[in-house]
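Breakdown of the fold
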Amino acid sequence: MQTPYWNPRMETLPRDQLEALQLTKLRDLVDWTLASAPWQAARLRDAGITSSAVLRTHDDLRRLPFLTRDDWMESQIEDPPFGAVLAQPVEAAIRFHTTSGTSGRQPLAVLDGPKDWEWITEMWCYALWGFGVRRVDRIFFAFSYGSFVGFWGAHYAAEKIGALVLSGGNMTTEARVRMIVDTEATVVCSTPTYALRMAQEAQALGIDLAAGPVQRVLLSGEPAGSIPATKALIEERWGAKTADTAGMTEVGTIVMFECDHQPGGAHVIEDHYLEEVIDPESGEPVGYDEEGERVVTSFGRGFIPVIRYRTRDLVRRIPAERCDCGRTFDIYEGGIRGRVDDMKVVRGTNIYPRAIEEIVRHHAAIEEFQVRLYTADGIRDEIEVLVECDGPAESEVESILAGLRSELATAHEGLRIGVRQVEHESLPRFELKAKRLIDERDVWGGKGEKKVM
Ligand SMILES: [Zn+2]
């Protein structure tokens, strides 16, 4: 019988053994850093760490300093273009990738060696295999194959499993949909937003994807991959199962995956990453079921040691046993729930883009939406949700908008949230990392910089 696990021994390792393995790997990582990566080594020494011998228990991890994105960026500005973070000469690198730079900031550059890419491929195999992908599958990648790392690793993992890779770089949405149909793809990899975009395109072309051979849609790149209403909509439109994955260019592209038992969250690949969840203010650890910022120590990187990286991602960790697949890897319930900096305050009420998406996606007739914050009459903060509908009659649209207004208010302490229909196809469409919250508010009496999240 075929095993449901890519790496049966590691994926079912009892927790005490898993933590012992992590401690051994952490010691190796610290010794390697001290010996080979002068920039990180200086930071460790400043924190009083001169040898891995101080790491006696799993909790001793907390003696090591955090690494923030700003720290990393500082090293890149001091020593461009790759930064002072490298543990090997540039000549030994085989790949250059950058972070997606979605918040308008300068992207971080990352170099990888051959060992990194063998490892990244292996990490994606955990995810593909765990979602039920096998050598008989045909996997379509709706992905641009640029410097953003995205699904690059999944591509190699698909090859490693022996599946047929269908690369969909540099194509229009229509061409992608037609290729999925023509090649009889069984698995599609895409962002949640783009999976919906392709489904809309198929509908416009008169193609019924749900009747086709696609059985699985593997999601990545946005928190929506674990928003139940968004997933349900994608599953309905594609007639397929969905699973979420998440990672980060800085730490090794994929860190967590949802197994085919669909626990509504993603298992952390704990034999290769040591993940902590902390209170973003105090830096102190938080317990199971509590929301906090994830901090990642990566054991696979061969070019850039990454110890205790502050991701700014918000997560809620739950024990592995809450999924019945048998894995001992803990789960982030709801995947990446947002970013520490995502939250907006409008007239004293907290606004989370994820919560708004969850409500909007319950209305299948809404094709695209945007959340707009603005200043009215020069003083008052306002929030409105712009929606595009396709299909329903005008009277039906009115009732959808009214329903949405009342659901949004109920979920936000009665805050008045405007809901307005805009012209079909007037809102931006995204292939990667949707930016649906626009903050146009005046700040401190002057015209604030237009921020796009
Ligand atoms: Zn599971």
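Structure's up top.
Residues numbered from 1 in each chain as written. Predicted model: local features only at pLDDT ≥ 70, side-chain atom pairs only at ≥ 80, totals over all residues. Heavy atoms only, no water.

Attention shifts here to the overall build of the protein. When helices and strands are counted, the protein shows 11 helices and 21 strands. Once the C-alpha set of the protein is aligned to its principal axes, its extents read approximately 70 × 60 × 40 Å. Evaluated residue by residue, the protein yields a buried proportion of 55% over its 453 residues. Sequence separation of 24 or more characterises 67% of the internal contacts of the protein that already satisfy a separation of 6 or more. Accessible surface computed for the protein: about 18,900 Å², of which carbon and sulfur atoms make up 50%. If you average the places of the 52 positive and of the 72 negative side-chain charges in the protein, the two averages end up 1 Å apart. (Helix = DSSP H or I, 4+ residues; strand = E, 2+ residues; numbered from the N terminus. Buried < 20%, exposed > 50% of the residue type's maximum accessible area, 1.4 Å probe, protein only. Contact = heavy atoms within 4.5 Å. Areas by Shrake-Rupley, 256 points an atom, 1.4 Å probe, with all protein chains shown as cover. Lys, Arg positive; Asp, Glu negative; His and termini not counted. Charge placed at Lys NZ, Arg CZ, Asp CG, Glu CD.)

As a further point, take the nonpolar core. One broad trend across soluble globular proteins is that nonpolar side chains are buried collectively. Core analysis: the biggest nonpolar cluster contains 62 residues, and Trp72, Trp124 and Phe141 have the highest contact counts within it. Ranked by residue count, the leading element in this core is helix α5 (residues 114–130), at 10 residues. Non-local contacts of Trp124, meaning those with residues more than four positions away in its chain, are made with Gly150, Phe151, Gly153, Ala154, Ala157, Leu218, Ser220, Thr245, Thr253 and Ile254. Counting residues in each nonpolar core, the second largest holds 22 residues, with Phe369, Val385, Ile400 and Leu401 among its members. (Core = buried A, V, L, I, M, F, W, Y, C linked by side-chain atoms within 4.5 Å.)

This part is about the pattern of salt bridges. Within the structure shown, the criterion is met by 40 salt bridges. Residue Arg372 is joined to Glu440 by a salt bridge in which the shortest nitrogen-to-oxygen separation is 2.9 Å. Within this pair, whereas Arg372 is found in strand β17 (residues 366–376), its partner Glu440 is found in the loop between β20 (437–439) and β21 (451–452), the two being separated by 68 residues in sequence. Given the relative accessible area of 21%, Arg372 is considered partly exposed. (Salt bridge = Lys/Arg side-chain N within 4 Å of Asp/Glu carboxyl O.)

Turning next to a nonpolar patch on the surface. A grouping of Met343, Val345 and Tyr352 is seen on the molecular surface, where their side chains present a nonpolar patch of about 220 Å² in accessible area. Relative to the assigned elements, Tyr352 resides in the loop between β16 (349–351) and α10 (353–360). (Patch = residues over 30% accessible without salt bridge, like charges linked within 9 Å, V, L, I, M, F, W, Y side chains within 5 Å.)

On to the pairing of strand β18 (residues 380–389), then. Remark: a regular strand shows side chains that alternate across the two faces of the sheet. By the criterion of burial, β18 is predominantly enclosed, with eight of the 10 residues buried. Pairing between β17 and β18: 10 bridges, direction antiparallel. Residue pairing for β18: Phe369 is matched across the bridge by Val387. Here β17 folds back onto β18 in antiparallel fashion, the turn holding three residues, of which Asp377 has a positive phi close to 55°. The parallel pair β18 and strand β19 (residues 418–421) is bridged by helix α11 (residues 394–411), and the resulting crossover is right-handed. (Pairing = 2+ DSSP bridges. Right-handed = clockwise from strand over helix to strand, strands pointing away.)

Okay, the environment of Asp137 next. Within the secondary structure layout, Asp137 lies in the loop between α5 and β3 (138–141). With relative accessibility at 6%, the residue Asp137 sits in the buried group. Considering only alpha carbons, one finds Asp137 and Ala185, 48 residues apart in sequence, at a separation of 7.5 Å. Aside from chain neighbours lying at most four places away, what touches Asp137 is Gly132, Ala163, Leu164, Thr186 and Val187. From its side chain, Asp137 meets the backbone nitrogen of Arg134 in a polar contact 2.8 Å long. (Polar contact = N/O pair within 3.5 Å; in protein donor to acceptor, adjacent residues only side chain to side chain.)

With that settled, the discussion passes to the coordination of the zinc ion. Coordination sphere of the zinc ion, protein contribution only: Cys259 (SG), His267 (NE2), Cys323 (SG) and Cys325 (SG), at 2.1 to 2.3 Å. Around the zinc ion sit four donor atoms; with metal-centred angles ranging over 102 to 118°, the donor geometry is tetrahedral. Mapped onto the sequence, the residues coordinating the zinc ion show the spacing C-x7-H-x55-C-x1-C. Taken as a pair, Cys259 in the loop between β8 (256–257) and β9 (265–268) and Cys323 in the loop between β12 (306–318) and β13 (331–333) lie far apart in primary sequence, 64 residues in all. Residue Cys259 shares its accessibility class with Cys323, and that shared class is buried. (Donors = N, O, S within 2.8 Å, 3.2 Å for Na, K, Ca; no water. Tetrahedral: all angles 85-135°; square planar, octahedral: opposite > 155°, others 65-115°.)

Bringing α5 into the picture now. The end-to-end C-alpha distance of α5, which contains 17 residues, comes to 25 Å, matching closely the 24 Å that a straight helix rising 1.5 Å per residue would cover. Taking burial as the measure, the 17 residues of α5 include 13 buried ones, the bulk of the element. Directly after α5, the chain includes Gly132, whose backbone phi takes a positive value near 100°. (Expected span 1.5 Å × (residues − 1).)

Further remarks concern unusual backbone geometry. The omega torsion across Pro80 and Pro81 is 0°, close enough to zero to call that bond cis. Here Pro81 is to be found in the loop between α4 (69–78) and β1 (95–98). For Asp289, which is not glycine, the phi dihedral falls at a positive 70°. Mapped onto the secondary structure, Asp289 falls in the loop between β10 (273–278) and β11 (291–298).

None of this, on its own, says anything about what the molecule does.
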